[in-house]
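Report on the structure
The residues making up each chain are set out below.
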Amino acid sequence: MHGPTAASLALSVYHQRADVDAMPRDVHQSGEQQLKATKRSKKPRCNREASKGSRSRLTHRINRQAEPCIGSQDIDPMHCHASPPPPVQERAARPAGARERARDHTREREKFTAMASSSAVPSSASSVIVAVAAVLLLLAAMGAEAETRKYQFDVQMASVTRLCGTKSIVTVNGQYPGPILFAREGDHIEVNVTNRSPYNVSLHWHGVRQLLSGWADGPSYITQCPIQPGQSYVYRYQIVGQRGTLWWHAHISWLRATLYGPIVILPPAGVPYPFPAPDVEVPVMFGEWWRNDTEAVIAQALQTGGGPNVSDAYTINGLPGPLYNCSAQDTFRLKVKPGKTYMLRLINAALNDELFFSVANHTLTVVDVDALYVKPFTVDTLVIAPGQTSNVLLAAKPTYPGARYYMEARPYTNTQGTFDNTTVAGILEYEDTNNSSSNLPIFAPTLPQINDTNFVANYTSKLRSLASAEYPATVPQAIDRRFFFTVGLGTHPCAVNGTCQGPNGSRFAASMNNVSFVLPTTALLQTHFFAGGRSNGVYTTDFPAFPAMPFNYTGTPPNNTNVMNGTKVVALPFGTAVEVVLQDTSILGAESHPLHLHGFNFYVVGQGFGNFDPANDPARFNLVDPVERNTVGVPAGGWVAIRFRADNPGVWFMHCHLEVHMSWGLKMAWLVQDGSLPNQKLPPPPSDLPQC
């Protein structure tokens, strides 16, 4: 069992700025350092003297160095600059024993400072490493008490050049991808979002449980009305029982194409990882890039009823890489040292594609998915769906190999429609001060076939919760409510005398249990809360628990593929133990659907191909150590069974995380009622909650 130490938490900053060519190529920041590279509005008396002199100089130095550090194509864990600090943090009084911990961490700090000072780094970077190492001491000395961490997110337009074309995109703080939100398990988060863009905006903190903080969940017209241009909203929530990697993104229309960033959650101070601690941690975000405006892309598709234009490239940390034309200079490069271990914090932020990922001639050990530990297992290639995250350990070769290695991702899909059939590559390079890497041979991985569903099923079957005393698997054993939801595509008829580009002249649609969800014009949670539990005509609570007309879901599809519209939810009493079987259908072609549930984690207790068999399949459910997630892929031509306990009052979205399917209506909501105890009731909304 190894904890994240000063050296091990060298977390590389990956941000890209609009003017990428102007950015330095060596950028790096420790998660521990980033957590403490801030000012505090409240300081306990015992820390005040330490903060007065050295702290103010350190903060000034970090701020002075920060501006050149926001973007880079290269990530070199040994040559680093500090990232801009988030705003003010507050914390509780320091507990007994903090002085002893401070002395221990002083020795650790001195060791880390000596390492930093002796490393072969540019002088300006070296001074910043020493500065942030000292700031790290202040973090370590505080012990395990929770902090309140405050961030300022300005949603604004920025010009970005990719694939030899420049366009204006929506960003946070002018960064693409957006800034990293750092926290420890147990911390309180406050993010002041000011909308300086021309679009209505809301942000979702994907995977955060939002216990009793549903007002901060973020999906527009579900838990809030969007933040209008010129307006602000402060998202307030606590990180409870989660540690690992999550992410934030826009949750309205297709703005999340560029409006996204990582959430890095460290364990409480002094709590070890349940696996060997890595030397370096690196966020790796997969995305998609369109030459055209994505808002225009989806608007045109919804107008014509046809499928939207596909992306022009995939990206790693905002960069398309050398396999695309005009993009060799826009390549993510990870520089490593022989014998070191690197934890890649993988996030699939792509709009519409699940992705295979592999690093040539290296293995990946999976230790965490969706900010929850799993029993470690090692693979050459993994698959990650939009919305999912995974922490994997990559062990560098013990000696300098004299070669470079592609890190590649390409789509997994069974769709019968068009898709972006390209490959994104970054480059893993070994540090060697004696040789240039530019002329070294470069190796590429062998990825599965693009429709290799068996590979995906074999990979997902390896995922198991730790189910240990420290991290138990609290799978609901007795079920109160069972549901069976079909998920898949369908159609709407074209308007009279209209011309539509969907199947057989219809319009594409998508549904769950044949209901294509229609977003209301006011937020469901606001309606539920202020109407005293009544719907006031905004929604109905009759979402079907089972298909109204059962059919051979994965066999020959029915002749009538039309679906109905509705704003329907399922109402659940607080504490209900729920089981949901999600069944793919063959209507307009079987394909995988990554389903995301807001407000909860769930256990994936079973999956299989074909039609779910309620008589025999439950006997094979894993109720001991199933993987716990917030986003799961419904197998193409198959089913998946999940269980969760409805212990979080509010209105919680559940939807396909393929953005095109969500735009077509593949979504629904759960309305969890208040419990009887004070800590089981949704608090009133904040005063700055946006209005429609």
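The residue count restarts for each chain, going from 1 along the sequence in the order it is written. Predicted model: local features are reported for residues with pLDDT of at least 70 only, side-chain atom pairs are reported and counted for 80 or more only, and whole-chain, interface and lining totals are derived from all residues. Processing note: side-chain calculations cover all non-hydrogen atoms of the structure and skip hydrogens and water entirely.

1. Let's talk about the overall build of the protein
Looking only at helices and strands, the protein has 8 helices and 36 strands in total. Counting all 692 residues of the protein, 61% fall into the buried class. The contact criterion used throughout is that any non-hydrogen atoms of two residues lie within 4.5 Å. For the protein, the proportion of contacts with a sequence separation of at least 24, taken over those separated by at least 6, is 80%. The accessible surface values rely on the Shrake-Rupley method and a 1.4 Å probe; as for residues, cover is taken only from the protein chains in view. Element-wise, carbon and sulfur atoms account for 51% of the exposed surface of the protein, whose accessible area totals about 24,900 Å². The way it works is that DSSP assigns letters per residue, a run of H or I at least four long becomes a helix, a run of E at least two long becomes a strand, and they are numbered from the N terminus. Each residue is assigned to one of three classes by its accessible area relative to the maximum for its type, calculated with a 1.4 Å probe on protein chains only: buried under 20%, partly exposed between the two thresholds, exposed over 50%.

2. Concerning the state of the cysteines
Two cysteine sulfur atoms form a disulfide, by the criterion used here, when they sit within 2.5 Å. Within this structure, the stated rule accounts for 3 disulfides. Disulfide partner of cysteine 164: cysteine 326, at an S-S distance of 1.4 Å. Judged by the torsion about the S-S bond (45 degrees), the cysteine 164/cysteine 326 disulfide is right-handed. Of this pair, cysteine 164 sits in the loop between strand E4 (147-162) and strand E5 (165-172) while cysteine 326 is found in the loop between strand E13 (313-316) and strand E14 (333-336), placing the two residues 162 residues apart along the sequence. A sulfur-sulfur distance of 1.8 Å marks the disulfide that ties cysteine 225 to cysteine 692. The chirality of the disulfide connecting cysteine 225 with cysteine 692 is left-handed, given an S-S dihedral of about -100 degrees. Within this pair, whereas cysteine 225 is found in the loop between strand E8 (203-206) and strand E9 (232-238), its partner cysteine 692 is found in the segment after strand E36 (667-672), the two being separated by 467 residues in sequence.

3. Some thoughts on the pattern of salt bridges
Salt bridge criterion: a side-chain nitrogen from Lys or Arg within 4 Å of a carboxyl oxygen from Asp or Glu. As enumerated under the stated definition, the model contains 17 salt bridges in all. Close ionic contact of aspartate 312 with arginine 291 constitutes a salt bridge, the shortest N to O distance being 3.3 Å. With aspartate 312 in the loop between helix H5 (294-304) and E13 and arginine 291 in the loop between strand E12 (280-289) and H5, this residue pair connects regions lying 21 residues apart in the sequence. Glutamate 429 is the salt-bridge partner of arginine 333, the closest N and O atoms lying 3.1 Å from each other. Of this pair, arginine 333 sits in strand E14 while glutamate 429 is found in strand E22 (residues 424-430), placing the two residues 96 residues apart along the sequence.

4. Structural notes on the sheet that holds strand E11 (residues 260-266)
DSSP bridges decide pairing: two strands pair if at least two such bridges lie between them. Taken in spatial order, the 4 strands line up as E6-E11-E10-E8 in an open sheet, and their pairing is mixed. The sheet is open, and its two edges are formed by strand E6 (181-184) and E8, each paired on a single side. Taken pair by pair, the neighbouring strands of this sheet meet at an average axis angle of 20 degrees, ignoring direction. Sheet topology note: the strand E10 (residues 244-250)/E11 ladder contains 6 bridges and is antiparallel. Its bridge partner lying in E11, glycine 244 is registered against isoleucine 265. Here the axes come from fitting lines to C-alpha atoms, over the contacting stretch only for helices, and the angles between their N-to-C directions go from 0 to 180 degrees.

5. Observations concerning the confidence of the model for the protein
Each residue carries a pLDDT score, the predictor's own confidence in it, on a scale running from 0 to 100. For the protein, per-residue confidence averages 84 on the pLDDT scale, and 79% of positions sit at 70 or higher. In this model, residues 15-30 is a region of pLDDT below 50 whose contacts with residues beyond four sequence positions or in other chains number 86 contacts. Below pLDDT 50 for its whole length, residues 38-143 participates in 225 contacts with residues either more than four positions away or in separate chains.

6. Some thoughts on H5
Thr294, Glu295, Val297, Ile298, Ala301 and Thr304 are the residues of H5 that are buried. A 3.5 Å cut-off defines polar contacts: any pair of N or O atoms within that distance qualifies, except that in protein one atom must be a possible hydrogen donor and the other a possible acceptor, and neighbouring residues in sequence count only when both atoms are side-chain atoms. Residue aspartate 293 occupies the N-cap position of H5, its side-chain oxygen lying 3.1 Å from the main-chain nitrogen of glutamate 295. Two residues or fewer past H5, glycine 305 is found with a positive phi of approximately 85 degrees.

7. Here's the deal with the side chain of arginine 243
Considering the arrangement of structural elements, one finds arginine 243 in the loop between E9 and E10. A polar side-chain atom of arginine 243 sits 3.1 Å from a polar atom in the side chain of glutamate 185. Here glycine 241 takes part through its backbone oxygen, which lies 3.4 Å from a polar atom of the side chain of arginine 243. Dropping the residues within four chain positions of it, arginine 243 is found in contact with Glu185, Ile265, Leu266, Pro267, Asp368, Ala371, Leu372, Tyr373 and Tyr471.

8. Section: the nonpolar core
In this text, buried Ala, Val, Leu, Ile, Met, Phe, Trp, Tyr and Cys residues form a nonpolar core when linked through side-chain atoms within 4.5 Å. Among the nonpolar cores identified, the biggest contains 97 residues, and Phe357, Leu582 and Trp670 are the most heavily contacted of them. Among the elements that make up this core, the one with the highest residue count is E12 (6 residues). Membership of the second largest hydrophobic core comes to 55 residues, among which are Ile265, Leu524, Leu525 and Phe653.

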